[in-house]
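# Understanding the architecture of this molecule
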Amino acid sequence: MPIADETCFSGCCLWKVRLYPGLLLDSWSSISMVLSELKNGILFAAILNRTLIIPPVLDHHAVALGSCPKFRVSSPTELRMSVWNHIQQLVQSHQYVSMADIIDVSSLVSPSLVKTVDFRVFASLWCDLNMEDACYGNLCCRMLGRSGSSSGHFGQCRSLLTSMNGSLGLCMYAVEDDCRTTVWTYQQDNDGQLDLFQPDELKKKKKISYVRRRKDLYRAFGPGSDAELATVLSFGSLFTAPYKGSELYIDIHDAPRDSRIQKLLKKIEFLPFVPEIMGAGQEFSRNKIKAPFLCSQLRLLDGQFKNHWKTTFSALKQKLDSLVEEQGHNPIHIFIMTDLPKANWTGTYLSELENSDLYELYILQEHDELVVETAQKLMAAEHGLRSGFLPQIRDDVHDKKNCPFKFKPDVLLYIEQAICSCASLGFVGTAGSTIAENIELMQRNNVCFTPN
């Protein structure tokens, strides 16, 4: 049954409700930032007993949230519109990669813990969209390929999923609470209380009138709420971070009266990359470096980091001086991951290291054979599709239908992190970088030495 006509849209095609209720996660940044949003999406879906609709990886800075501490953020509706527009671009340009193609969520997905569905499957079922342009594996094409246009109903689907006209009855409940007014909690018995962090100083300077209150997630959207019967519950951003004794948006760190959620909180503390990425990192460490090594992640060109080269290099120099003292004249092997192109190393500390007999430097580049092969394996594996609900293959689609598009996603950054997780001499990251934080988390969990 197509859902192109308005009656079907407003009624949400009740024959499809059996797949859901769903929770739509509108990620707003690249994967290093959105990983925390994915964890929160998994947590929210489990608490509310909803199926998490897993989004694609967005291009870095494609969608901007803004600043929660400054109370200057895009509204949830604006975020939903921006994310949908970018997803449409990814589909039409054949550059769609699911979050679950990169992050391994297989250990979490189960009927008793968390249920998921890939956004491509959701859009195909709900909006009757031909999502073949977002497919690179044969399973995806066999399931989601259509004979019609791939853009015939994008406008209507966008209108529905972005909630431009607000919530739509039993169809879509659009959450408009954001970090300016709300901190989500669970089982803390403080629903409606004022949060510790308030815009007191900004109220005087910029006449901001927001008041931040702590709200219980289950009470707001669970049984008995206005959102309970809505097929899809749609948020804007689920990004949060500690700030001034509180959290910017979500403060759920334990569930004393819910053992299932308590177990899930422990499981989502660390979500690894999929085996293809971790395997590539191990292979480079074992076959290319072939020795104990130090990893240094140097973010030098983006945002605030471009103004702190001296501090960033100083931390690396301090670590290397210590290693030289320990190891004497034996060369120290260093894997460098940086956004500064090698052609621009001249005159920097990296150039000094490269020209010194004390160090042996290694880098990985996007055209290297290992990176290309890993991208191919990743697309063939179709983890994103296989990790969640799958519809039956259509009878009118030939079993051996092959995808017409060949796409190699940019996996360099992920492999570099996997390599750094294997650095037995230590890791030096860029202060304030979420990538550095992720590598440190990987090392603490010994993922390099855990069999795939």
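Everything numeric here is computed off the predicted structure, so don't read it as measured data. All chains use their own residue numbering, which begins from 1 and follows the written sequence. Whole-chain, interface and lining totals are the exception, using all residues; otherwise, since this is a predicted model, local features are given only for residues with pLDDT of at least 70 and side-chain atom pairs are given and counted only at 80 or more. Just so you know, side-chain values use all the structure's heavy atoms and leave hydrogens and water out.

Bringing helix 5 (residues 119-127) into the picture now. Each residue is assigned to one of three classes by its accessible area relative to the maximum for its type, calculated with a 1.4 Å probe on protein chains only: buried under 20%, partly exposed between the two thresholds, exposed over 50%. Secondary structure elements follow DSSP: runs of H or I of four or more residues count as helices, runs of E of two or more count as strands, with numbering from the N terminus. With respect to burial, helix 5 is a largely interior element, nine of its nine residues being buried. Among all positions in helix 5, only Phe119, Arg120, Val121, Phe122, Ala123, Ser124, Leu125, Trp126 and Cys127 are buried. As used in this structure description, the phrase polar contact means that two N or O atoms lie within 3.5 Å; if the pair is within protein, one of them must be able to donate a hydrogen and the other to accept it, and residues adjacent in sequence are counted only when both atoms belong to side chains. Of the residues that open helix 5, the one with a side-chain oxygen 2.8 Å from the backbone nitrogen of arginine 120 is aspartate 118. Residue aspartate 128 follows helix 5 closely and has a positive phi angle near 55°.

Before going further, it helps to examine the packing of helix 5 against helix 7 (residues 154-162). Helix 7 packs onto helix 5 with a crossing angle of 110° between their chain directions and a minimal axis gap of 11 Å. Classified by the interaxial angle, the pair formed by helix 5 and helix 7 is roughly perpendicular. Where helix 5 crosses over helix 7, the handedness of that crossing is right-handed. Judged by residue contacts, Phe119, Phe122, Trp126 and Cys127 of helix 5 engage Cys157, Leu160 and Leu161 from helix 7. Note on residue categories: nonpolar means Ala, Val, Leu, Ile, Met, Phe, Trp, Tyr, Cys or Pro, charged means Asp, Glu, Lys or Arg, and polar means any other residue, Gly included. Residues belonging to the contact of helix 5 with helix 7 are distributed by class as follows: seven nonpolar, no polar and no charged. For every element, the axis is a line fit to its C-alpha atoms; helices are fit only across the contacting stretch, and the angle between N-to-C directions ranges from 0 to 180 degrees. Note that the term roughly parallel is reserved for angles under 35 degrees, roughly antiparallel for angles over 145, roughly perpendicular for angles of 65 to 115, and oblique for everything else. By convention, the crossing between two helices is left-handed when the near helix turns anticlockwise from the far helix through less than a right angle, and right-handed when the turn is clockwise. Only heavy atoms enter the contact rule, under which two residues are in contact if any of them lie within 4.5 Å.

With that out of the way, let us pick up the environment of phenylalanine 335. Looking at the element boundaries, phenylalanine 335 is found in strand 13 (residues 332-338). Among the residues examined, phenylalanine 335 registers a relative accessible area of 0% and is labelled buried. Here the alpha-carbon distance between phenylalanine 335 and isoleucine 289, two residues 46 residues apart in the chain, equals 8.3 Å. When near neighbours in sequence (up to four residues on either side) are disregarded, phenylalanine 335 contacts Phe284, Ile289, Phe293, Leu294, Cys295, Ser296, Tyr362, Ile363, Leu364, Glu416, Ile419 and Cys420.

This paragraph deals with the pattern of salt bridges. Any carboxyl oxygen of Asp or Glu within 4 Å of a side-chain nitrogen of Lys or Arg constitutes a salt bridge here. Tallied over the entire structure, the rule returns twelve salt bridges. A salt bridge links aspartate 189 to arginine 257, with the nearest nitrogen and oxygen atoms 3.5 Å apart. Of this pair, aspartate 189 sits in the loop between strand 7 (182-185) and helix 8 (200-206) while arginine 257 sits in the loop between strand 11 (246-247) and helix 10 (259-267), and the two are 68 residues apart along the sequence. Overall, aspartate 189 belongs to the exposed group, its relative accessible area being 63%. Close ionic contact of arginine 219 with aspartate 191 constitutes a salt bridge, the shortest N to O distance being 3.5 Å. Residue arginine 219 is located in helix 9 (residues 217-221), and its partner aspartate 191 is located in the loop between strand 7 and helix 8; the two are separated by 28 residues in the primary sequence. Residue arginine 219 is classed as exposed on the basis of its relative accessible area of 59%. Members of the salt-bridge network, linked through shared partners, are Asp195, Arg212, Arg214 and Asp251.

What follows covers helix 10. All of the buried residues along helix 10 are Ile261, Leu264 and Leu265. For helix 10, the arc enclosing every buried residue in end-on projection is 105°, short of the 170-degree limit, so these residues lie on one face. Counted as exposed and oriented over 90 degrees from the buried face of helix 10: Ser259, Lys263 and Lys266. Measuring from the backbone nitrogen of arginine 260 back to the side-chain oxygen at the start of helix 10 gives 3.2 Å, which picks out aspartate 258 as the cap. In this description, the arc belongs to the directions extending from the helix axis to the C-beta atoms.

Moving on to the packing of helix 11 (residues 275-289) against helix 16 (residues 412-420). Close contact between helix 11 and helix 16 brings their axes to 8 Å; oriented N to C, the two are set at 55°. It follows from the interaxial angle that helix 11 and helix 16 lie oblique. Crossing angle aside, the handedness with which helix 11 passes helix 16 is right-handed. Contact residues: helix 11 offers Ile277, Met278, Ala280, Gly281, Phe284 and Ser285, while helix 16 offers Tyr414, Ile415, Ala418 and Ile419.

A word on the nonpolar core. What makes a nonpolar core is a set of buried Ala, Val, Leu, Ile, Met, Phe, Trp, Tyr and Cys residues whose side-chain atoms join them at distances within 4.5 Å. One finds Phe235 and Phe335 to be the most contacted residues of the largest nonpolar core, which totals 119 residues. A total of ten residues in this core trace back to one element, the largest contributor, which is helix 2 (residues 31-48). The next biggest cluster of nonpolar side chains, apart from the first, holds 19 residues, and it includes Ile332, Ile334, Leu350 and Val428.

Now for the environment of leucine 170. Tracing the backbone shows leucine 170 in the loop between helix 7 and strand 6 (172-174). The class for leucine 170 is exposed, based on a relative accessible area of 55%. The spatial distance from the C-alpha of leucine 170 to the C-alpha of aspartate 226 is 9.4 Å, given a sequence separation of 56 residues.

A separate point is the packing of aromatic side chains. Each aromatic ring pair is specified by the distance between its two centres and by the angle formed by the two planes. Pairing of aromatic rings covers Phe, Tyr and the six-membered ring of Trp, with a centre-to-centre limit of 6.5 Å; geometry is then stacked below 30 degrees between planes, edge-to-face above 60, and tilted otherwise. Here the structure, examined in full by the defined rule, presents 15 aromatic pairs. Ring geometry for phenylalanine 71 versus phenylalanine 197: centroids 5.6 Å apart, planes at 45°, classification tilted. In this pair, phenylalanine 71 sits in the loop between strand 3 (66-67) and strand 4 (72-73) while phenylalanine 197 sits in the loop between strand 7 and helix 8, placing the two residues 126 residues apart along the sequence. Comparing phenylalanine 71 with phenylalanine 197 shows no difference in burial state: the two are buried. With a centroid separation of 5.7 Å and an interplanar angle of 80°, the aromatic rings of phenylalanine 221 and phenylalanine 235 are classed as edge-to-face.

Here, a disulfide means two cysteine sulfur atoms that sit within 2.5 Å of each other. In total, this model carries four disulfides according to the counting rule given. Between the sulfur atoms of cysteine 68 and its disulfide partner cysteine 179 the distance amounts to 2.1 Å. In this structure, the disulfide formed by cysteine 68 and cysteine 179 twists by about -90° around the S-S bond and is classed as left-handed. Here the residue cysteine 68 occupies a position in the loop between strand 3 and strand 4, and cysteine 179 occupies one in the loop between strand 6 and strand 7, the gap between them amounting to 111 residues. For the residue pair cysteine 68 and cysteine 179, the accessibility class agrees, reading buried in each case. Each disulfide pairs two cysteine sulfurs, and for cysteine 422 the partner residue is cysteine 448, the sulfurs being separated by 1.9 Å.

Across the two faces of strand 2 (residues 51-54) the burial is the same, with Thr51 and Ile53 and Leu52 and Ile54 all buried. A strand pair is defined by DSSP finding two or more bridges across the two strands. Strand direction decides the pairing type here: strand 2 and strand 5 (residues 115-118), joined by four bridges, are parallel. Each bridged residue has a counterpart across the sheet, and for isoleucine 53 the counterpart in strand 5 is valine 117.

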